[in-house]
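A closer look at the structure
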Amino acid sequence: MTHITDAAHLAESASSQAIFDYPVQSFINGETYASTGGTYLNIIDPGTGQVIGELADSGAGDVDAAVAAARAAFKDGRWSEVDPEERERILFRLADLVERDAEILSEIEARDTGKPLAEARLDIAEAASVLRYFAGWCTKASGTVVPAPREYFATTTREPLGVCAAITPWNYPLPILTYKVGPALAFGNTVVAKPSELASASSVLLAHLAYEAGVPAGVFNVVTGGRTAGEALSASTDVDKIAFTGSTATGKAILRAAAETLTPATVELGGKSAQVIFEDADLEAAVEGVAAGIWTNAGQICIAGSRVLVQESIKEKFLKALTERTGKLSLGHSMDPGADIGPVISEGQLKKIKSFLTEAQQAGASVSTSSTTVPDHGFFLAPTIVSGIPAGHPLASQEVFGPVLAIDTFTDEQDAVEKANSTEYGLAAGLWTKDVSRVHRITRKLEAGTVWANTYGVFHPTLPFGGMKASGFGRELGPQAVEHYTHSKTSVLHLAP
Ligand code: NAD
């Protein structure tokens, strides 16, 4: 029996496909909310190219309604004044409900994004784990007693910020939403989330589940829609914090809007992360790590290891092994249990990737495409390895966001570091070497928010995550969330003599 709660139609739904028989709509003040404009966007299954449903395209008025609901809920203290232990209990219950409905949420996520169901299941498990981690924080955000002059008794306490806006991308919809909603709710804030128009259903359902878990109406609202809704939310004068994950271009637009209203913002943006492979590396492990780092989610990951820097002496050996490994992967629809790699998200994205490749080829690069069968329908691209890219070509420095790997070589440590740092981004990097001292030496010099050594892409709620340079600023997950979702209040009491 499927438990996803909503209006009756969702409660009765036995399959993820049935969820899309009804429009995906906003959830405001504890209820499904019909957008005032009455316009809808198509939901397209990237694995077939077919329309599978529709999504309410909210306008500024709908965003205002969600912000007003979140403001009212913050103002009357229905959540911020709940005992931390009770908030903790409710958030643990939410994590349990996500696990209860994990299978249907996974199917929804897979159909919406095109990723293989097995990958979507990991995403939903991660979302539950993140919620559970932040549930624990409800009772752990302590203040301090300050050594002020002796005639005063001074303390600092952690106070919620107020209404938090969460604007999220389509590639990992539910985990990324929990990175924001988890700490926001743990510390007593209220939330207005605006998920990507390309994959919103799981975010809306999370708000329904939160309500079922006992999060009061108005505390966690979701507005569906595209850029118009995102712009209205980031320009709102009644929002106290913006947490954004998405492209660098959108991040800059959001920061411009936030500057106008002096709203604090954290931005988690794009990347062009390098995997650096030294000649002493465990080659088999490095090949696995590189393949996972770029072919997972069809390369549509912010931390995709989309550049490989391999030491010159092992280039041929490494490329042969990686090509063989890649050749074993098959493309397929999200619901095909044999699919290792899904499609890219949209027709427009497929065209963009292909033009990157054509231009690189015309500029003299060698483009090698895996011989796997490419399905006739949907937005599929076979995994592609590109080498010999001329210096300065965009394929070597810009985010492609698809199953495309750029290969380059290096001579020594210094050359490796210079090349790894040679893009505007600074999100992540991978090192493959048996020399532990080298790992430490290089990690210090890499311009990246996270460096993985002899592994890649390890995420855990305890590990702070975020970028440098054009990959953004602020950290999600880990204890740093306290800084980003509370403010420090100083109170000073004069002690009578
Ligand atoms: P996007 O920037 O196109 O959209 C992200 C969100 O912003 C969506 O909800 C969208 O509707 C909204 N939006 C679009 N224009 C807006 C505007 N002008 N004002 C306000 N909101 C607006 O990104 P995407 O295509 O959904 O996601 C892919 C990008 O996200 C990639 O660049 C990827 O690297 C990045 N990403 C980063 C991280 C990270 O943690 N650093 C994680 C996942 C994805």
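For the structure, check the block above.
Being a predicted model, the structure only gives us computed values, none of them experimental. (Residues numbered from 1 in each chain as written. Predicted model: local features only at pLDDT ≥ 70, side-chain atom pairs only at ≥ 80, totals over all residues. Heavy atoms only, no water.)

Thoughts on the site of the ligand
Stated precisely, the cut-off is as follows: Any residue with a non-hydrogen atom lying within 4 Å of a molecule or strand is treated as near it. A 3.5 Å cut-off defines polar contacts: any pair of N or O atoms within that distance qualifies, except that in protein one atom must be a possible hydrogen donor and the other a possible acceptor, and neighbouring residues in sequence count only when both atoms are side-chain atoms. Accessible areas in this description were obtained via Shrake-Rupley with a 1.4 Å probe; residue shielding takes into account the shown protein chains only. Cavities and pockets were defined on a 1 Å grid built from protein atoms only: a cavity is a group of points that admits a 1.4 Å probe but offers it no way out, a pocket is an open group of points flanked by protein on both sides within 12 Å along at least five of seven lines, and a lining residue is one with an atom within 4 Å of any such point. Pocket or cavity membership: a molecule qualifies when more than half of its atoms sit within 2 Å of the grid points of that site.
With respect to spatial proximity, 29 residues lie near the ligand, and among them Lys194, Glu197, Ser247, Leu269 and Glu399 are the closest. Lysine 194 is positioned such that a nitrogen or oxygen atom in its side chain is 2.6 Å from an oxygen atom of the ligand. Within the side chain of glutamate 197, an N or O atom sits 2.7 Å from an oxygen atom of the ligand. Here the ligand loses 90% of its free accessible area of 850 Å² to cover by the protein chains. Its atoms largely coinciding with the cavity grid, the ligand occupies the largest pocket.

Digging into the packing of helix α11 (residues 283-295) against helix α12 (residues 315-327)
We count it as follows: Axes here refer to lines fitted to C-alpha atoms; in helices the fit is confined to the stretch in contact. Angles between the N-to-C directions go from 0 to 180 degrees. Each helix is a run of H or I in the DSSP string that is no shorter than four residues. Each strand is a run of E no shorter than two, and both are numbered from the N terminus. Roughly parallel means an angle under 35 degrees; roughly antiparallel, over 145; roughly perpendicular, 65 to 115; everything else is oblique. Left-handed is the label given to a crossing in which the near helix is rotated counterclockwise from the far helix by less than a right angle, and right-handed is the label when the rotation is clockwise. Every residue pair with non-hydrogen atoms within 4.5 Å of one another is taken to be in contact. All amino acids are sorted into three groups, where Ala, Val, Leu, Ile, Met, Phe, Trp, Tyr, Cys and Pro are nonpolar, Asp, Glu, Lys and Arg are charged, and the leftover types, Gly among them, are polar.
Relative to each other, α11 and α12 sit at 55°, their axes nearing to 10 Å. When the axis of α11 is compared with that of α12, the two are oblique. Viewed along their axes, α11 and α12 form a crossing whose handedness is right-handed. Contacts between α11 and α12 involve Leu283, Ala286, Val287, Glu288, Val290, Ala291 and Trp295 from the first element and Lys317, Phe318, Ala321, Leu322, Arg325 and Thr326 from the second. Residues of the contact of α11 with α12, tallied by class, amount to nine nonpolar, one polar and three charged.

Description of the layout of surface pockets
The test is simple: Grid points are joined across faces, edges and corners, and a volume is the space filled by probe spheres set on the points.
One number sums up the size of the largest pocket: a volume of about 1100 Å³. Looking at the largest pocket, it is lined by 40 residues, and the ones nearest its centre are Trp170, Phe244, Gly246, Ser247 and Thr250. At the level of elements, α9 (227-235), β10 (241-245), α10 (248-261) and α13 (347-362) are the ones that each hand at least two residues to the lining of the largest pocket. Per-element tally for the lining of the largest pocket: the top contributor is α10, with six residues. In terms of residue class, the lining of the largest pocket is made up of 17 nonpolar, 16 polar and seven charged. Size it by volume and the second largest pocket reaches roughly 930 Å³. Considering the residues around the second largest pocket, the lining is formed by 41 residues, among which Glu119, Leu122, Tyr172, Thr296 and Ile301 are closest to the centre.

A few points about a nonpolar patch on the surface
The condition that has to hold: For patch building, the residue pool is restricted to those with more than 30% relative accessible area and no salt bridge; the joining distance is 9 Å between like charges and 5 Å between nonpolar side chains (Val, Leu, Ile, Met, Phe, Trp, Tyr). In the sections that follow, a salt bridge refers to a side-chain nitrogen of Lys or Arg positioned within 4 Å of a carboxyl oxygen of Asp or Glu.
Side chains of Val145, Phe153, Leu493 and Leu495 sit close together on the surface and give an oily, nonpolar patch of about 370 Å² of accessible area. Examined against the element boundaries, valine 145 turns out to sit in strand β5 (residues 144-146).

Concerning the pairing of strand β6 (residues 152-160)
Formally: Only strands joined by at least two bridges in the DSSP assignment are considered to pair.
Direction of pairing for β5 relative to β6: antiparallel, over a ladder of three bridges. Across the sheet, valine 146 pairs through a bridge with alanine 154, a residue of β6. Counted along the chain from β5 to the antiparallel partner β6, the turn is five residues long. Across nine bridges, β6 lies against strand β22 (residues 486-494) in antiparallel orientation. Looking at the pairing, arginine 158 lines up with serine 488 of β22.

From the geometry alone we can't say anything about function, so treat these as descriptive.
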